[in-house]
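# Results of the structural survey
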Amino acid sequence: MSKTYYVWPLGCQTNKSDGERVAAVLEKLGYDRVDDEQTANVIAVVACAIRQSAVDRIYGKFRHWETRQQSGELTTLLTGCVLPHDKQKLTPKFDLVFDIEELPKLPQLLAQTNLEETVNQRDQMAYFDIQPIHNSTFRAWVPIMKGCDKFCTYCAVPYTRGRERSRPSADIIREVEDLIAKGYKDIHLLGQNVNSYPGFADLLAAVASLPGDFWVRFHAPHPKDFTADVIRVMAQYPKLCKQINLPAQSGSTKVLRRMNRPYTREQYLKLTDDIKAGIPNVSLSTDIIVGFCGETEAEFAESKSLMEYVGYDMAFIAQYSVRPGTVAARRFEDNVSHADKKKRFEELTAVLETTFMANQQPRLGTVDTVLVEKYSKDHWLGRNQHQVTVEFPAPSAANLVGTFQQVRLDKVEPFRFVGTLC
Ligand code: SF4
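Residues numbered from 1 in each chain as written. Predicted model: local features only at pLDDT ≥ 70, side-chain atom pairs only at ≥ 80, totals over all residues. Heavy atoms only, no water.

### A few points about the packing of aromatic side chains
Which entries qualify depends on this criterion: Two rings from Phe, Tyr or Trp (for Trp, the six-membered ring) form a pair when their centres are within 6.5 Å of each other. A pair whose planes differ by under 30 degrees is stacked, one over 60 is edge-to-face, and the rest are tilted. Note on conventions: DSSP H or I runs of at least 4 residues are helices, E runs of at least 2 residues are strands, and numbering of each starts at the N terminus. Each residue's exposure class comes from its accessible area (1.4 Å probe, protein chains only) as a fraction of the maximum for that residue type: buried when under 20%, exposed when over 50%, partly exposed otherwise.
Across all of its chains, the model carries 13 aromatic pairs by this definition. Arranged with centres 5.2 Å apart and planes meeting at 90°, the rings of Phe-200 and Phe-218 form a pair that is edge-to-face. Residue Phe-200 is located in helix α7 (residues 200-208), and its partner Phe-218 is located in strand β10 (residues 215-219); the two are separated by 18 residues in the primary sequence. Like Phe-200, the residue Phe-218 is buried in the burial classification. Look at Phe-292 and Tyr-320: their rings are 5.0 Å apart centre to centre, the planes differ by 80°, and that puts the pair in the edge-to-face class. Of this pair, Phe-292 sits in the loop between β12 (283-290) and α11 (297-310) while Tyr-320 sits in the loop between β13 (314-319) and α12 (327-331), and the two are 28 residues apart along the sequence. According to the relative accessible area criterion, Phe-292 is buried, its value standing at 0%. Under the relative-accessibility criterion, Tyr-320 is labelled buried at 5%.

### Let's talk about the nonpolar core
Cut-off, in case you're wondering: Remark: nonpolar core denotes a set of buried residues (Ala, Val, Leu, Ile, Met, Phe, Trp, Tyr, Cys) joined through side-chain atoms within 4.5 Å. Any two residues whose heavy atoms approach within 4.5 Å at even a single point are treated as in contact.
In terms of nonpolar packing, the biggest core is built from 72 residues, with Leu-189 and Ile-275 touching the most fellow members. For this core, the leading source of residues is α7, giving seven residues. Setting aside anything within four residues of it in sequence, one finds Ile-275 in contact with Phe-226, Ile-231, Ile-244, Leu-246, Val-282 and Leu-284.

### What to know about the sheet that holds strand β9 (residues 186-190)
Quick reminder of the rule: Only strands joined by at least two bridges in the DSSP assignment are considered to pair. Only the contacting stretch of a helix is used when fitting its axis, a line to C-alpha atoms as for every element, and angles between N-to-C directions run 0 to 180 degrees.
Read from one edge of the open sheet, three strands run β6-β9-β10, paired in parallel fashion. Two strands bound the open sheet, and with one partner strand each, they are β6 (139-143) and β10. Put simply, the sheet's adjacent strands are angled 25° from each other on average, direction ignored. Here five bridges tie β9 to β10, and the two strands are oriented parallel to one another. Note that in β10 the partner of His-188 across the bridge is Arg-217.

### Details of the side chain of Gln-405
Filter applied, for reference: Polar contact criterion, stated in full: a pair of N or O atoms within 3.5 Å, where within protein one must be able to donate a hydrogen and the other to accept it, and residues adjacent in sequence count only if both atoms are side-chain atoms.
Here Gln-405 is to be found in strand β17 (residues 404-413). Judged by relative accessible area, Gln-405 falls into the buried class, the value being 19%. A polar atom in the side chain of Gln-405 sits 3.0 Å from the side chain of Thr-403. Apart from residues no more than four positions distant in its own chain, Gln-405 is found in contact with Asp-368, Thr-369, Val-370, Val-372, Leu-400 and Leu-421.

Treat this as a map of the structure, not an account of what it does.
Structure representation (structure tokens):
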């Protein structure tokens, strides 16, 4: 029987990065990747515990997988962020459930459950030493740390991924050098809370000093740990994209306290002022939750005014949903109605559209560098360093994927530019 696999990562970039390492382990066991899950013998799900909707999507798959599972044609694996509550319910449905930290032991775990032949124990290596199989030829995720010590009351990550562990900087730099040598152009340094990495500014400077034609980004910083030296380094090194996703989560100090986010509205706003003053042409985005437990109209209005003040180019706006096992689930009531959450979501989306359009006006008519991602419907699509989509017509014969191109920005629409190749 042929050995094929399909990896399904849900949620954030960390899961995508984990998925690339899961792929590497499966390929070492002789499996070949397929792009259609229906032709895979092994499906590995890298789960996301942040929202119930992500968990529901996994349940939705079982009616498609069940028959093939029962006939022995399909083996299903579950890893990633899985809360104990979900693990209990999902374990009987999967052939193997393992913690992502156990990934180096996956061959042994498969052997123990008779899903693979016995393997040599000496092949086992540390998680960070697994060479990922990248899905893209030009964009790569590079984990610099795992876990989180912040314990925001709504968040499952500290329970599913454990405490912070940082990766040695020499290993990170070696992985980035290897990617640059292979032609990668868009390097994303990843961690749940990257700026609690010891010497994060030095790491950024070291990566951005490497020779080659590439961009560097990082996800996700915590406002509490965002230091002035990171702002200085970002301004200094051209390869560091002038774009920061700075999760606010709420514009109300009272709500932030309930969320166990250790900063005030004023401290967050001061930080965004410092970033704008220190990094010319910087673009800010955020993560923000509407309808968190007990959020009043006045508290929501503070989130809205914070968004208006900062003027983001993008915001990942979430309607709060309870995650079982978190402090918020135990301590607070999810008492904002679904209708109010939806209304608040729509109000913030409208603010975002306004600030995005206003921010882009001065950029119209300028020539911007665009990293091209794909060709679709007679147009090339890429992103500028601010992560804004740029669309431009050009002959399809020339393969521009993964190249930097100069594009004049002619027109702006909500969340994208239309331009002309120069
Ligand atoms: S900083 Fe807060 S929201 Fe982010 S991963 Fe850690 S606990 Fe979760």
